[in-house]
Amino acid sequence: MAAPKVAVVGAGVIGLSTALCIVETCPSCSVTVLADQFSPNTTSDVAAAMLIPHTCPGTPVHVQKQWFKETFTYLFAISNSAEASEAGIHLISGWQVFKNAPKEELPFWSDVVLGFRPMSKAELQKFPQHRFGQAFTTLKCDCPPYLLWLEKRLKATGVQMYTRKVADLWDLHGEYNVVVNCAGIGAHQLVGDEKLFPVRGQVLKVHAPWVKNFIRDGDGLTYIYPGIQRVTLGGTREKGSWSLSPDPGTTKDIFDRCCSLEPSLRGAQDITVKVGLRPSRQCVRLQKEVLRQGGVKLPVVHNYGHGAGGFSIHRGTAKEAARLVAECIAALQGFSSRAKL
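Everything quoted here is computed from the prediction, not taken from an experiment. (Residues numbered from 1 in each chain as written. Predicted model: local features only at pLDDT ≥ 70, side-chain atom pairs only at ≥ 80, totals over all residues. Heavy atoms only, no water.)

A. Up close: the state of the cysteines. A complete count under the given rule lists 0 disulfides for this structure. In this model Cys26 remains outside any disulfide bridge; the closest cysteine sulfur is found in Cys29, 4.4 Å from its own. Cysteine Cys56 remains unbridged, with the sulfur of Cys283 as its closest cysteine sulfur at 7.8 Å. (Disulfide = S-S within 2.5 Å.)

Here is the structure:
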């Protein structure tokens with residue numbers, strides 16, 4: 001058969017990474033990215049994008065760890081290259097602090113990040129409200145630069161990108177041999193996934209260049225993540241809320257919570273507010289499906305539902321999705337060669 005045509009629906013970090021992994025795994029493919037929004041208007045552009053995994057209850061821990069390890073290894077290599085600044089990726093050290101010692105003193109990802117250890121008593125004096133803490137070095141992405149860097153990589157390999165709202169995956173039948181659904185929260189409507197729900201996140205981006213270390217409250221709600229240009233302050237987790245409008249009361253609450261962890265933030269300037277809807281479900285949907293209408297088939301690979309932890313595992317799940325696309329193409333090529341016989 002001619003070069004198989006693959007459409008990737010969605011241009012957030014999951015869609016762009018998946019498209020890149022498909023190009024790397026199946027170089028004979030023609031890959032197109034279709035999305036109604038590209039950076040800087042995607043959910044990924046709002047993400048804090050720290051590589052600290054969020055546990056998915058429906059996914060085996062060893063699988064989550066593999067996805068995280070692959071992502072960390074990939075981004076660590078970029079952070080150690082001449083492209084680090086353009087890609088917006090850098091190493092960052094800091095602390096995760098707890099009011100009470102967590103059940104697991106060693107999270108499953110502790111040997112993937114760098115230098116993971118319990119905090120000393122002297123370090124804990126910085127956080128008088130907290131009794132236990134962990135210190136480590138991890139990676140941070142600055143989202144718009146990273147998404148633009150991925151787009152540039154894709155264009156260099158000949159991938160086409162079009163602004164197009166896909167309302168039904170069947171609309172792509174006839175144009176493409178395989179469709180990859182990376183629609184994020186859009187999959188709720190696109191494929192009618194009732195298990196997918198939004199978790200609204202509101203964050204502040206501030207100018208506070210003196211803040212060099214990340215600080216994360218162990219409950220995951222309050223965090224201070226310095227980027228290359230701005231510091232991200234968070235956050236909220238509002239399950240089931242579809243509102244993209246910033247809430248002034250929430251802004252004040254986030255700022256006050258972050259200042260209680262890092263009082264110097266009272267001097268932060270140029271505060272902007274961002275809102276995003278995390279695409280959440282019990283587990284990431286990462287699987288093949290064959291859609292059928294009459295005698296017509298459309299192979300689909302789903303890769304969405306990463307919730308709050310998409311950046312931490314994006315490369316790992318993209319590699320897995322690309323492997324599934326390769327299986328779909330092999331099945332199609334087997335079918336076409338049998339048809340010729």
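B. Expanded view of the side chain of Thr317. Here Thr317 shows up in helix α8 (residues 310-340). In this structure, Thr317 is in contact with Ile14, Trp67, Leu286, Asn303 and His306, ignoring residues within four places of it in sequence. (Helix = DSSP H or I, 4+ residues; strand = E, 2+ residues; numbered from the N terminus. Contact = heavy atoms within 4.5 Å.)

C. Summary view of helix α5 (residues 143-156). Spanning 14 residues, α5 covers 20 Å between terminal C-alpha atoms, matching the ideal 20 Å at 1.5 Å per step. Those residues of α5 not exposed but buried are Cys143, Tyr146, Leu147, Trp149, Leu150, Glu151 and Leu154. Among the residues trailing α5, Gly158 stands out with phi positive, at a value near 90 degrees. (Expected span 1.5 Å × (residues − 1). Buried < 20%, exposed > 50% of the residue type's maximum accessible area, 1.4 Å probe, protein only.)

D. Up close: the packing of helix α1 (residues 13-25) against α5. Contact geometry of α1 with α5 gives a least axis separation of 10 Å together with a crossing angle of 30 degrees. Here α5 runs roughly parallel to α1, going by the angle between their axes. The interaxial crossing formed by α1 with α5 has left-handed handedness. Of the residues in α5, those in contact with Val13, Leu16, Ser17, Ala19, Leu20 and Glu24 of α1 are Tyr146, Leu147, Leu150, Glu151, Arg153 and Leu154. For the contact of α1 with α5, the residue count by class is 8 nonpolar, 1 polar and 3 charged. (Axes fitted to C-alpha atoms, helices over the stretch in contact; angles between N-to-C directions. Parallel < 35°, antiparallel > 145°, perpendicular 65-115°, else oblique. Left-handed = near helix turned anticlockwise from the far one by under 90°. Nonpolar A, V, L, I, M, F, W, Y, C, P; charged D, E, K, R; others polar.)

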